[in-house]
Amino acid sequence: MTRAAGLERLATFLDGAGADYAAARNTDRGPEKSPTTSALSPYLRRRLLTEAEVVEAALAAFGAEGAEKFVTEVFWRTYFKGHLETHPEAWTGYRAEVETQRRRLEAEPGLRRTYEAAVEGCTGIDGFDDWARELVATGWLHNHARMWFASIWIFTLRLPWPLGADFFLSHLLDGDPASNTLSWRWVAGLHTRGKHYVARADNIRRYTEGRFDPAGLDEYPDALEEERPPREERLSPVDPAPTEEVALLLHLDDLHPESLPLDGATVRRVGGLIAHAPGASEQVRAADEAAMADGLARAVAHFGCEVAQNIGPGWTEGLPVVAAWAPVGPSAEALPEGCLRVRRTWDEAAWPLSTRGFFKLRSAIPRLLAEG
């Protein structure tokens, strides 16, 4: 998991599936065939690649019209981050509910059996079982398969959505607190209240090109409800930009230190903070550690600074600590007190437009791109 691998993946996408992205992106041809999506999300999730550079590359390759669908999907990731940043209760409530539902698994044998069959791929539901096994084996699922899986989990198997979201976050190589949490909420009908996503056998049959034809799905369920949706909170202001010698702390939400808006600061030391997703699999942990090692190596080369072998007491040697803004999730929770946080122009422009539905941000995409 390196920036070089991400750039190679980007080049492959631009030379191949990118040209047919809008028409083919919903088709899941299985792990043995080339993806119909960009497969850039593991790199974007850690910002080994930035949203700005992949959008710029797509626009250069396909033009505004040809790249429109892909650019919109990149902005969906930004929207989810901005929405969770202004609705942090969606994250904290989800994590608390995971613990509640785990206690139910211990107390309710029937629920536990259904859950274990689901995560082991032993439900007997065509497609669903294959996706469960594929996720654990590869750390990846096609986006359409993720939607089908979540819908079947919630509405056919009647399993608690937080446990499904937790299963995904533990195994996905691109497991992102915002995209994962809010996508599961959207499927359930909680993100856009009353608007849920229902997996239908004919849709699965069509977009898997006949590979799967599940029977027994509940295709007419009601959306889930909650007593009170997460409250909107004001977007936290950025810290004053540093103008002195600093120690730069990298984290898993932003591993492109070369493009951080550090203004007049001089980076003298760099350290790495790894806060894995809760319950992260060994595959995810290995990807996180490889990505961090790559980010640290590039930071040392770019800034000509020293790297701290650990970030225990005294690693900064008295320098103030600065870090890229960590959106809601494990990295933000692990940042040391007093750390200065800088926010990228991309986020600063888009997150205030992400407090409600996606339309407000989507309609602003042309202006945001024009403003750079």
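This text gives an overview of the structure that appears in the document. It should be emphasised that the depicted structure is a prediction, and the values quoted were computed from it without experimental measurement.

Let's shift gears to the overall build of the chain. Tallying secondary structure elements over the chain gives 15 helices and five strands in all. Its C-alpha atoms give the chain a radius of gyration of 21 Å, near enough to 21 Å, the size a compact globule of 372 residues would have. Scored against the burial criterion, the 372 residues of the chain give a buried share of 55%. Looking at the chain alone, contacts between residues at least 24 apart form 72% of all its contacts between residues at least 6 apart. For the chain, the exposed area adds up to about 16,500 Å²; of that, 49% sits on carbon and sulfur atoms. Here the chain contributes 41 positively and 55 negatively charged side chains, and the mean placements of these two sets differ by 3 Å.

The next thing to look at is the sheet that holds strand 4 (residues 321–324). Taken together, the five strands give an open sheet; going across it, the order is 3-2-1-4-5, and neighbouring strands pair in parallel fashion. Strand pairing shows two members of the sheet lacking a second neighbour, strand 3 (306–307) and strand 5 (340–342), which therefore form its edges. Relative to strand 5, strand 4 runs parallel, the two sharing three bridges. What sits directly across from V322, in strand 5, is L340. Against the sheet, helix 12 (residues 282–303) touches strand 1 (245–251), strand 2 (266–273) and strand 3, its axis set at about 175° to strand 2.

With that out of the way, let us pick up the pairing of strand 2. Two elements, strand 1 and strand 2, share seven bridges in a ladder whose sense is parallel. If you follow V246 over to strand 2, its bridge partner there is V267. Running through helix 12, the crossover from strand 2 to the neighbouring parallel element strand 3 is right-handed.

All right, on to the packing of helix 5 (residues 89–107) against helix 10 (residues 177–188) then. Packing of helix 5 against helix 10 leaves a shortest axis separation of 10 Å and a crossing angle of 75°. Judged by the angle between their axes, helix 5 and helix 10 are roughly perpendicular. Side by side, helix 5 and helix 10 meet where A90, W91 and Y94 of the first sit next to P177, N180, T181, L182 and R185 of the second.

In this model, helix 5 (19 residues) spans 27 Å end to end at C-alpha, consistent with the 27 Å of a helix rising 1.5 Å per residue. Tucked into the core, helix 5 has its buried residues touching helix 4 (51–86), helix 6 (109–119), helix 9 (161–171), helix 10 and helix 13 (330–334).

Take the environment of G66 next. When you line up the elements, G66 lands in helix 4. Sequence spacing of G66 and D20 is 46 residues, and the spatial spacing of their C-alpha atoms is 8.9 Å.

The next point concerns the pairing of strand 4. Of the two faces of strand 4, the one holding V321 and A323 and the one holding V322 and A324 are both buried throughout. Alignment of strand 1 against strand 4, held across three bridges, turns out to be parallel. Within strand 4, the position partnered with L248 by the bridge is V322.

A general trend in soluble globular proteins is that nonpolar side chains are found buried together. Ranked by internal contacts, the top residues of the largest apolar core, which has 97 residues, are F128, W131, F149, I152, W153 and W184. With 12 residues, the single largest contributor to this core is helix 4. Apart from residues lying up to four places away in sequence, I152 is in contact with I125, F128, W131, L157, A199, I204 and L217. Counting residues in each nonpolar core, the second largest holds 11 residues, with L249, L273, L319 and V321 among its members.

Time to look at the layout of surface pockets. For the largest pocket, the calculated volume is near 1,200 Å³. Around the largest pocket sit 44 residues that line it, and R25, E73, F80, N143 and S183 are the ones nearest its centre. Secondary structure elements with two or more residues in the lining of the largest pocket: helix 3 (41–45), helix 4, helix 8 (143–156) and helix 10. Top contributing element to the lining of the largest pocket by residue count: helix 4, with nine residues. Of the residues that constitute the lining of the largest pocket, the class distribution is 21 nonpolar, 14 polar and nine charged.

So, about empty space enclosed by the protein. Enumeration over the complete set of coordinates arrives at two cavities of 30 Å³ or more. In this structure, the largest cavity spans a volume of roughly 80 Å³. Forming the boundary of the largest cavity are 13 residues, of which R45, R46, G175, V284 and D288 lie nearest the centre. Approximately 60 Å³ is the volume found for the second largest cavity. L44, R45, R47, E51, K81, D253, W325, P327, D347 and W351 together form the lining of the second largest cavity. Elements supplying a minimum of two residues to the lining of the second largest cavity: helix 3 and helix 4.

How each quantity is defined
Residues numbered from 1 in each chain as written. Predicted model: local features only at pLDDT ≥ 70, side-chain atom pairs only at ≥ 80, totals over all residues. Heavy atoms only, no water. Helix = DSSP H or I, 4+ residues; strand = E, 2+ residues; numbered from the N terminus. Rg over C-alpha atoms; globule rule 2.2 N^0.38 Å. Buried < 20%, exposed > 50% of the residue type's maximum accessible area, 1.4 Å probe, protein only. Contact = heavy atoms within 4.5 Å. Areas by Shrake-Rupley, 256 points an atom, 1.4 Å probe, with all protein chains shown as cover. Lys, Arg positive; Asp, Glu negative; His and termini not counted. Charge placed at Lys NZ, Arg CZ, Asp CG, Glu CD. Pairing = 2+ DSSP bridges. Axes fitted to C-alpha atoms, helices over the stretch in contact; angles between N-to-C directions. Right-handed = clockwise from strand over helix to strand, strands pointing away. Parallel < 35°, antiparallel > 145°, perpendicular 65-115°, else oblique. Expected span 1.5 Å × (residues − 1). Core = buried A, V, L, I, M, F, W, Y, C linked by side-chain atoms within 4.5 Å. 1 Å grid on protein atoms, 1.4 Å probe; cavity = no way out; pocket = protein on both sides within 12 Å on 5 of 7 lines; lining within 4 Å. Points joined across faces, edges and corners; volume = space filled by probe spheres on them. Nonpolar A, V, L, I, M, F, W, Y, C, P; charged D, E, K, R; others polar.

Purely geometric numbers; function is a separate question.
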